[in-house]
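Breakdown of the fold
Here is how the chains run, residue by residue.
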Amino acid sequence: MELALSEARAAGEAGEVPVGSVLFHGDRLLASGQNRVLRDQDPTAHAEVVALRLAGARLGNYRLLGATLYCTLEPCAMCAGAMMHARLHRLVFATPDPKAGAAGSVLEVLNHPRLNHRLQVTAGVLAEPCGALLRLFFQSRRTGSKTGTAPGEGA
């Protein structure tokens, strides 16, 4: 999770919402990702999707059987759906997302009883530093400080 937190910090420094993820198969790092929505002008460029795309390209397969994704924030519905389609083995996330979380906070996309795939979910790993990074980012956005302003937005 420390690696995912490092990715989140880099995203925040680039003006993105500071969310990071890393994808492992056993002890092998397959891919890492950070939010790139603003930089790529892509609404799907969430940290989780970025990591899933890189891993799929590296492996030459969109099925990431046996892989574990570590993410600093509970995934949204889009990301959770992508994880299900990738057939991840496990998701470990740091802090819940009370506004858009799809691993139980708002929705239960992962492990929904009508879906045909199940994955292990572990929440709360390094929740405090990951949550603090997000709180600081949004607090700075509300106060209009330069560090919380996305590229192209006025302070």
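What counts, and where the lines are drawn
Residues numbered from 1 in each chain as written. Predicted model: local features only at pLDDT ≥ 70, side-chain atom pairs only at ≥ 80, totals over all residues. Heavy atoms only, no water. Helix = DSSP H or I, 4+ residues; strand = E, 2+ residues; numbered from the N terminus. Rg over C-alpha atoms; globule rule 2.2 N^0.38 Å. Contact = heavy atoms within 4.5 Å. Areas by Shrake-Rupley, 256 points an atom, 1.4 Å probe, with all protein chains shown as cover. Lys, Arg positive; Asp, Glu negative; His and termini not counted. Charge placed at Lys NZ, Arg CZ, Asp CG, Glu CD. Phe/Tyr/Trp six-rings, centres within 6.5 Å; stacked < 30°, edge-to-face > 60°. Buried < 20%, exposed > 50% of the residue type's maximum accessible area, 1.4 Å probe, protein only. Axes fitted to C-alpha atoms, helices over the stretch in contact; angles between N-to-C directions. Parallel < 35°, antiparallel > 145°, perpendicular 65-115°, else oblique. Left-handed = near helix turned anticlockwise from the far one by under 90°. Nonpolar A, V, L, I, M, F, W, Y, C, P; charged D, E, K, R; others polar. Pairing = 2+ DSSP bridges. Right-handed = clockwise from strand over helix to strand, strands pointing away. Salt bridge = Lys/Arg side-chain N within 4 Å of Asp/Glu carboxyl O. Core = buried A, V, L, I, M, F, W, Y, C linked by side-chain atoms within 4.5 Å.

1. Concerning the overall build of the chain
Summing up its helical and strand segments, the chain has 5 helices and 5 strands in all. A compact globule built from 155 residues would reach a C-alpha radius of gyration of about 15 Å, and the chain, at 15 Å, matches this within 12%. Dimensions of the chain along its principal axes, counting C-alpha atoms only, are 45 × 30 × 25 Å. Of all intrachain contacts in the chain linking residues separated by at least 6 positions in sequence, the fraction that spans at least 24 positions is 54%. With an accessible surface of roughly 7,900 Å², the chain has 55% of that area assigned to carbon and sulfur atoms. Counting 16 positive and 13 negative side-chain charges, the chain places the averaged centre of each group 4 Å from the other.

2. Regarding the packing of aromatic side chains
Counted according to the given criterion, the structure contains 2 aromatic pairs. Relative to Y70, the ring of F24 has its centre 6.0 Å away and its plane inclined at 90°; by these criteria the two rings are edge-to-face. Of this pair, F24 sits in strand 1 (residues 20-25) while Y70 sits in strand 3 (residues 67-73), placing them 46 residues apart in sequence. The class of Y70 is partly exposed, set by a relative accessible area of 22%.

3. Some details on the packing of helix 3 (residues 47-59) against helix 4 (residues 77-86)
Running from amino to carboxyl end, helix 3 crosses helix 4 at an angle of 25°, the nearest separation of the two axes being 9 Å. By the angle class used here, helix 3 and helix 4 are roughly parallel. The two elements helix 3 and helix 4 meet at a crossing, and its hand is left-handed. Contact residues: helix 3 offers E48, V49 and L52, while helix 4 offers M78, C79, A82, M83 and A86. Within the contact of helix 3 with helix 4, the residues separate by chemical class into 7 nonpolar, no polar and 1 charged.

4. Overview of the pairing of strand 4 (residues 90-95)
Taking burial as the measure, the 6 residues of strand 4 include 5 buried ones, the bulk of the element. Sheet analysis places strand 3 next to strand 4, joined by 5 bridges and oriented parallel. Within strand 4, the residue paired with C71 across the bridge is F93. For the handedness criterion, the β-α-β arrangement of strand 3, helix 4 and strand 4 is classed as right-handed.

5. Remarks on the pattern of salt bridges
Pairing between side chains becomes possible if they bear opposite charge and their charged atoms approach one another. Under the definition given, this model contains 4 salt bridges. Two residues, R53 and D42, come together in a salt bridge whose shortest N-O distance is 3.5 Å. On the criterion of sequence distance, the pair formed by R53 in helix 3 and D42 in the loop between helix 2 (37-40) and helix 3 is long-range, its members being 11 residues apart. The exposure class assigned to R53 is partly exposed, which follows from its relative accessible area of 44%. As a salt-bridge pair, E128 and R135 come within 3.0 Å of each other at their nearest N and O atoms. By relative accessible area, R135 is classed as partly exposed at 48%.

6. Re the nonpolar core
Within the largest apolar cluster, 24 residues are counted, with the highest numbers of intra-cluster contacts made by L23, L64, M83, L88 and L110. Among the elements that line this core, the one with the most residues is helix 4, at 5 residues. If sequence neighbours within four positions are ignored, L88 has contacts with L23, L52, L64, A67, L69, M83, H117, R118 and L119.

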